[in-house]
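As a plain string of letters, each chain reads:
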Amino acid sequence: MSLHLEHLNPEQLAAVTLPNGHALVLAGAGSGKTRVLTTRIAWLIQSGHVTPGGVLAVTFTNKAAREMVQRLAAMLPVSPRGLWIGTFHGLANRLLRAHHQEAGLPREYQILDTQDQLSAVKRLARSLNIDEDRMPPRELQRFINAQKEEGLRARDVPAGDDLTRRQVEFFASYDEQCQREGVADFAELLLRSFELLSRNEILRQHYQARFRHILTDEFQDTNRLQYRWLKMFAGPQSRLFAVGDDDQSIYGFRGAHVGNLAEFEKEYAKGQVIRLEQNYRSEGNILAAANALIANNAKRLGKNLWTAAGQGEPLRVFQGDSDADEARFVAEEVAALARGEGGEGLRLADIAVLYRSNAQSRVLEHALFGAAIPYRVYGGLRFFERAEVKHALAYLRLMASPADDNSFLRVANFPPRGIGARSMELLQDAAKQKGASLFAAAEFSSAKALPFRKLIEELQSETRGLPLPETVGHVIARSGLIEHYKKDREGADRVENLEELVNAAAAFTQEEREIEAGEESEPLAAFLSHAALEAGEHQAAEGQDALQLMTVHSAKGLEFSAVFMSGLEEGLFPHEQSLAEKDGLEEERRLAYVAITRARARLYLSFAQTRMLHGQTRYSLPSRFLEEVPERLKKWLTPRFARARAAGPEAPARKNAAYFPKKETFFAASRDLAGFRIGQNVTHPKFGSGVIIDAEGDGGEARVQVNFGRQGVKWLAVAMAKLQAA
DNA sequence: CGTAGAAACTTTTTT
DNA sequence: AGTTTCTACG
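Residues numbered from 1 in each chain as written. Chains lettered and ligands numbered in written order. Predicted model: local features only at pLDDT ≥ 70, side-chain atom pairs only at ≥ 80, totals over all residues. Heavy atoms only, no water.

## Topic: the pattern of salt bridges
Move 1: Scanning the entire structure with this criterion turns up 47 salt bridges.
Move 2: Where Asp-175 meets Arg-153, a salt bridge forms, and the shortest distance between an N and an O atom there is 2.9 Å. Of the two residues, Asp-175 sits in helix 7 (residues 162-181) while Arg-153 sits in the loop between helix 6 (137-149) and helix 7, which places them 22 residues apart along the sequence.
Move 3: Classification of Asp-175 as buried rests on a relative accessible area of 16%.
Move 4: Exposure remark for Arg-153: the relative accessible area of 7% places this residue in the buried category.
Move 5: A salt bridge links Arg-602 to Glu-313; the shortest N-O distance between them is 2.8 Å. Of this pair, Arg-602 sits in strand 14 (residues 599-613) while Glu-313 sits in the loop between helix 12 (284-294) and strand 9 (315-322), and the two are 289 residues apart along the sequence.
Move 6: Accessibility expressed as a relative area gives 28% for Glu-313, which makes it partly exposed.
Move 7: Through salt bridges with shared partners, a single network forms among Lys-148, Arg-153, Asp-175, Asp-185, Glu-188, Arg-192 and Glu-195. (Salt bridge = Lys/Arg side-chain N within 4 Å of Asp/Glu carboxyl O. Helix = DSSP H or I, 4+ residues; strand = E, 2+ residues; numbered from the N terminus. Buried < 20%, exposed > 50% of the residue type's maximum accessible area, 1.4 Å probe, protein only.)

Here is the structure:
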């Protein structure tokens with residue numbers, strides 16, 4: 001039992017042992033925030049300030065929650081069972097399972113993930129004859145989630161214009177549909193549990209009296225509903241402890257409200273703010289780069305991150321001719337780092353390749369595969385999101401919860417069993433008329449669907465009392481899924497994944513079940529929740545040393561000896577979509593800040609001049625973030641991209657000006673443009689550096705369209721403009 | 001009803 | 001480019 005308080009610096013110690021009162025800890029990257037949080041919980045318990053059952057600790061990711069439980073288990077002689085540690089969604093689910101009746105939900109309610117929610121929205125839009133061009137399902141989905149994240153139901157949303165009024169109406173119907181089918185989306189878990197406690201005074205008092213210490217990690221990422229949710233648990237005796245970093249707020253797009261930090265300080269912490277500013281992770285140059293970059297943001301609470309470490313190496317900058325070229329560089333460099341080149345080689349698992357969007361992983365994977373470097377990709381399509389796995393889960397969900405129409409529609413005719421579009425339509429009409437579920441309607445009004453209903457009922461009785469893995473195994477076989485994929489030439493992977501699902505069920509232990517869902521839950525119900533809430537982050541090849549590939553978002557909270565930040569191009573990072581959003585550029589910059597601060601000793605910054613995206617070649621300029629890192633900290637590995645400074649103050653960024661997709665054609669590429677070609681980098685005496693993105697005319701008449709980044713996009717006559725090849 | 005191939009669509013980040 | 005949806009045909 002060792003808390004090792006002696007290893008903490010004064011600020012960390014103060015945060016850990018704060019005796020009473022609420023507190024806000026502003027913790028910079030690498031300042032030991034997770035350690036402070038876990039050590040505080042251990043300290044509170046060990047010193048008798050609270051019993052394990054009186055702790056409520058909330059994180060954003062399952063990974064963070066698991067890590068916290070593990071670290072606690074190492075520090076304390078208590079089992080993590082009694083502790084309420086988990087993600088917002090996991091804990092909300094736990095609460096709702098325990099009080100499903102009071103919350104107005106069926107015992108076996110199912111959780112809709114993003115995919116499921118979209119199909120539910122589409123289905124409803126169709127049944128309401130909604131014009132999908134005027135109200136695209138995706139936008140309806142976004143609208144609904146945004147409202148729920150603000151804590152609003154349809155009746156609470158002011159319907160100003162006509163469009164909003166329609167959206168609100170749809171929102172109301174959507175919630176009715178969910179209620180009827182016994183399902184809850186992610187935001188619903190939070191909102192429903194919030195409403196449960198705010199309405200039910202007895203329950204609220206019970207939990208308020210129970211939770212003496214409420215601790216939250218990554219507080220900058222909470223949305224308004226989550227903040228209210230936390231406050232709900234805080235009774236007069238409770239103490240709130242929030243840890244966050246405004247510079248690492250990167251979830252604005254899903255409703256995170258950085259303002260919560262300031263509001264928390266005003267409402268609770270009241271000046272009890274502890275700043276952790278010493279960085280223990282990165283060497284000097286890396287930290288200097290991060291500090292210089294983030295200084296460009298106007299909206300900051302402000303802090304001064306420093307390190308006692310030496311300067312270390314400069315940041316290495318690489319310019320690739322293409323995305324493939326960049327990927328090749330990454331692969332070669334990773335191989336060299338692993339070999340060690342005179343020093344001690346790095347473990348692959350201690351090296352990360354980060355990118356802005358998942359689509360970028362493919363070209364990297366290709367190069368790594370070619371170089372025989374083992375790698376693991378995080379994010380992207382996760383295990384429980386794969387089609388075949390979702391099919392299997394749909395059978396299981398129907399068995400547990402027959403009213404789940406989403407699942408019914410997913411597998412009633414998969415594998416094909418003669419229930420075509422027409423039969424399904426008739427069944428849906430019948431169900432609608434009677435206000436019944438599809439499963440119920442299958443009994444009396446569809447000869448075609450009846451055998452399917454029978455199959456589900458047989459599965460229910462055949463698996464009654466069986467252990468979970470055997471239930472899953474039986475279902476994938478009896479449903480015909482395995483057989484169906486075995487017939488498919490390319491179905492081998494899918495069969496493997498289905499078999500892996502049985503393993504996942506076996507690995508889903510008693511202990512995990514209790515931590516995630518509470519003590520009294522059914523094994524199957526708990527497993528289905530687990531599948532929806534934790535999309536299967538940790539699958540496959542565990543244990544083997546492998547390079548880590550992930551988006552910057554999923555890298556938050558992690559650290560590596562060497563980090564590759566790839567695709568540093570205008571339009572990609574910062575992403576062009578973000579520039580149209582309010583405070584979008586600042587959020588992108590915080591994202592870049594998160595990426596830089598993941599590195600301990602070595603950091604690579606790379607970009608490519610051309611990139612294949614969605615089947616088109618894009619020509620792009622280096623990211624402005626690259627320029628915001630001072631030159632003295634960088635070492636160029638490739639001849640420096642000549643960048644003549646434009647005279648005068650910089651023009652404000654123009655929306656979408658920097659990044660234009662352009663179909664590459666032989667015609668355009670081979671046309672006589674007086675020595676220039678599309679995609680070429682050029683400089684102009686007034687506008688600075690740019691890239692040619694289009695052309696018209698030939699020879700002496702030729703005009704080219706040049707993207708000058710922040711200076712905008714201009715058409716220039718080649719003969720007149722003093723363009724120079726760069 | 002089921003399938004194959006064509007056409008259309010997407011085009012950021014995630015619990 | 002990859003995925004989903006549509007269309008034509010057996």
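Read on, since the account is not over.
## What to know about the side chain of Lys-148
Move 1: Position of Lys-148 among the secondary structure elements: in helix 6.
Move 2: At 2.7 Å, the side chain of Lys-148 forms a polar contact with the side chain of Glu-188.
Move 3: In this structure, Lys-148 is in contact with Arg-153, Phe-171, Tyr-174, Asp-175, Asp-185, Ala-187, Glu-188, Leu-191 and Leu-225, ignoring residues within four places of it in sequence. (Polar contact = N/O pair within 3.5 Å; in protein donor to acceptor, adjacent residues only side chain to side chain. Contact = heavy atoms within 4.5 Å.)

## Brief notes about helix 4 (residues 88-98)
Move 1: With 9 of its 11 residues buried, helix 4 lies for the most part within the structure.
Move 2: Within helix 4 the residues assigned to the buried category are Phe-88, Gly-90, Leu-91, Ala-92, Asn-93, Arg-94, Leu-95, Leu-96 and Arg-97.

## Focus on the protein's contact with DNA strand C
Move 1: Around DNA strand C, the surrounding shell consists of Lys-122, Arg-362, Met-612, His-614 and Gly-615.
Move 2: Within 4 Å of the protein, the contacting atoms of DNA strand C are 36% sugar and phosphate, with bases supplying the remainder.
Move 3: Between a phosphate oxygen of DNA strand C and a side-chain N or O atom of Lys-122, the distance comes to 3.1 Å.
Move 4: Looking at side-chain class alone, the surface near DNA strand C contains 1 nonpolar, 2 polar and 2 charged residues. (Near = heavy atom within 4 Å. Nonpolar A, V, L, I, M, F, W, Y, C, P; charged D, E, K, R; others polar.)

## With respect to the packing of aromatic side chains
Move 1: All chains considered together, the criterion is met by 24 aromatic pairs.
Move 2: Pairing Trp-84 with Tyr-207 gives two aromatic rings, centres 5.9 Å apart and planes at 55 degrees, and the pair type is tilted. One end of the pair, Trp-84, is in strand 3 (residues 84-87); the other, Tyr-207, is in helix 9 (residues 201-210), with 123 residues separating them in the sequence.
Move 3: Exposure remark for Trp-84: the relative accessible area of 7% places this residue in the buried category. (Phe/Tyr/Trp six-rings, centres within 6.5 Å; stacked < 30°, edge-to-face > 60°.)

## Comments concerning the protein's contact with DNA strand B
Move 1: Around DNA strand B lies a shell of 26 residues, among which Arg-356, Arg-382, Ser-423, Glu-581 and His-614 are the nearest.
Move 2: Phe-60 is positioned such that a nitrogen or oxygen atom in its backbone is 3.2 Å from a sugar or linking oxygen of DNA strand B.
Move 3: For DNA strand B, a phosphate oxygen lies 3.2 Å from a polar atom in the side chain of Asn-413.
Move 4: If one sorts the elements of the surface near DNA strand B by residue count, helix 17 (residues 421-434) sits on top with 3 residues.

## Focus on the pairing of strand 6 (residues 213-216)
Move 1: Alternating residues of strand 6 divide into His-213 and Leu-215 and Ile-214 and Thr-216, and every residue in both groups is buried.
Move 2: Bridge analysis of strand 2 (residues 55-59) against strand 6 gives 4 bridges, and the strand direction is parallel. Bridged to Ala-57 within strand 6 is Leu-215.
Move 3: You can see the chain leave strand 6, run along helix 10 (residues 224-233) and come back into strand 7 (residues 239-244), and the turn it takes is right-handed. (Pairing = 2+ DSSP bridges. Right-handed = clockwise from strand over helix to strand, strands pointing away.)

## Considerations on the packing of helix 10 against helix 11 (residues 259-269)
Move 1: Where helix 10 meets helix 11, the axes come as close as 11 Å, and the angle between the chain directions of the two elements is 25 degrees. Relative to helix 11, the element helix 10 is oriented roughly parallel. The crossing of helix 10 and helix 11 is right-handed. Side by side, helix 10 and helix 11 meet where Arg-224, Tyr-227 and Lys-231 of the first sit next to Asn-260, Glu-263, Phe-264, Glu-267 and Tyr-268 of the second. (Axes fitted to C-alpha atoms, helices over the stretch in contact; angles between N-to-C directions. Parallel < 35°, antiparallel > 145°, perpendicular 65-115°, else oblique. Left-handed = near helix turned anticlockwise from the far one by under 90°.)

## Comments concerning the sheet that holds strand 6
Move 1: Spatially, the 6 strands line up as an open sheet ordered 3-2-6-7-1-8, and their pairing is parallel. Every interior strand has two partners, whereas the edge strands, strand 3 and strand 8 (273-276), have only one. With direction set aside, neighbouring strand axes in the sheet form an average angle of 15 degrees.
Move 2: By the bridge criterion, 4 bridges tie strand 2 to strand 3 in an arrangement that is parallel. Each bridged residue has a counterpart across the sheet, and for Leu-56 the counterpart in strand 3 is Trp-84.
Move 3: Relative to strand 1 (residues 23-27), helix 11 is tilted by about 150 degrees, and along the sheet it contacts strand 1, strand 7 and strand 8.

## Concerning the environment of Ala-477
Move 1: Looking at the secondary structure, you find Ala-477 in helix 20 (residues 468-478).
Move 2: Measuring from C-alpha to C-alpha, the distance between Ala-477 and Ala-392 comes to 9.8 Å, with 85 residues separating the pair along the chain.

## Here we look at a negative patch on the surface
Move 1: A cluster of acidic side chains, namely Asp-493, Glu-496, Glu-499 and Glu-500, defines a negative patch on the protein surface.
Move 2: Looking at the element boundaries, Glu-500 is found in helix 22 (residues 492-507). (Patch = residues over 30% accessible without salt bridge, like charges linked within 9 Å, V, L, I, M, F, W, Y side chains within 5 Å. Areas by Shrake-Rupley, 256 points an atom, 1.4 Å probe, with all protein chains shown as cover. Lys, Arg positive; Asp, Glu negative; His and termini not counted. Charge placed at Lys NZ, Arg CZ, Asp CG, Glu CD.)

## A look at the nonpolar core
The tendency in soluble globular proteins is for nonpolar side chains to be buried side by side.
Move 1: Counting residues in each nonpolar core, the largest one holds 47 residues, and the members touching the most others are Phe-384, Leu-393, Tyr-395, Phe-408, Phe-452, Leu-501 and Phe-527.
Move 2: Looking at this core element by element, the count peaks at 9 residues for helix 15 (residues 387-400).
Move 3: Of all hydrophobic cores here, the second largest spans 41 residues; its members include Phe-88, Ala-184, Phe-211 and Leu-240. (Core = buried A, V, L, I, M, F, W, Y, C linked by side-chain atoms within 4.5 Å.)

## As for helix 19 (residues 450-462)
Move 1: For helix 19, built from 13 residues, the straight-helix expectation of 18 Å at 1.5 Å per residue is met to within 8% by its first-to-last C-alpha distance of 18 Å.
Move 2: Every buried residue of helix 19 is accounted for by Phe-452, Arg-453, Leu-455, Ile-456 and Leu-459. Buried residues along helix 19 cover an arc of 155 degrees about the axis, so they all sit on one side.
Move 3: For helix 19, the secondary structure elements touched by its buried residues are helix 15, helix 16 (405-411), helix 18 (438-445) and helix 20. (Expected span 1.5 Å × (residues − 1). Arc of directions from axis to C-beta.)

## Concerning the pairing of strand 14
Move 1: Strand 14 sits mainly inside the fold: 12 of its 15 residues count as buried.
Move 2: In the sheet, strand 13 (residues 560-565) pairs with strand 14 via 5 bridges, with the strands oriented parallel. When the bridges of strand 14 are listed, Val-563 appears paired with Leu-603.
Move 3: Here strand 14 pairs with strand 15 (residues 616-619) via 4 bridges, running antiparallel. Bridge assignment links Arg-611 to a residue of strand 15, and that residue is Arg-618.
Move 4: Between strand 14 and strand 15, which follow one another and run antiparallel, lie 2 residues, and His-614 among them has a positive phi close to 55 degrees.

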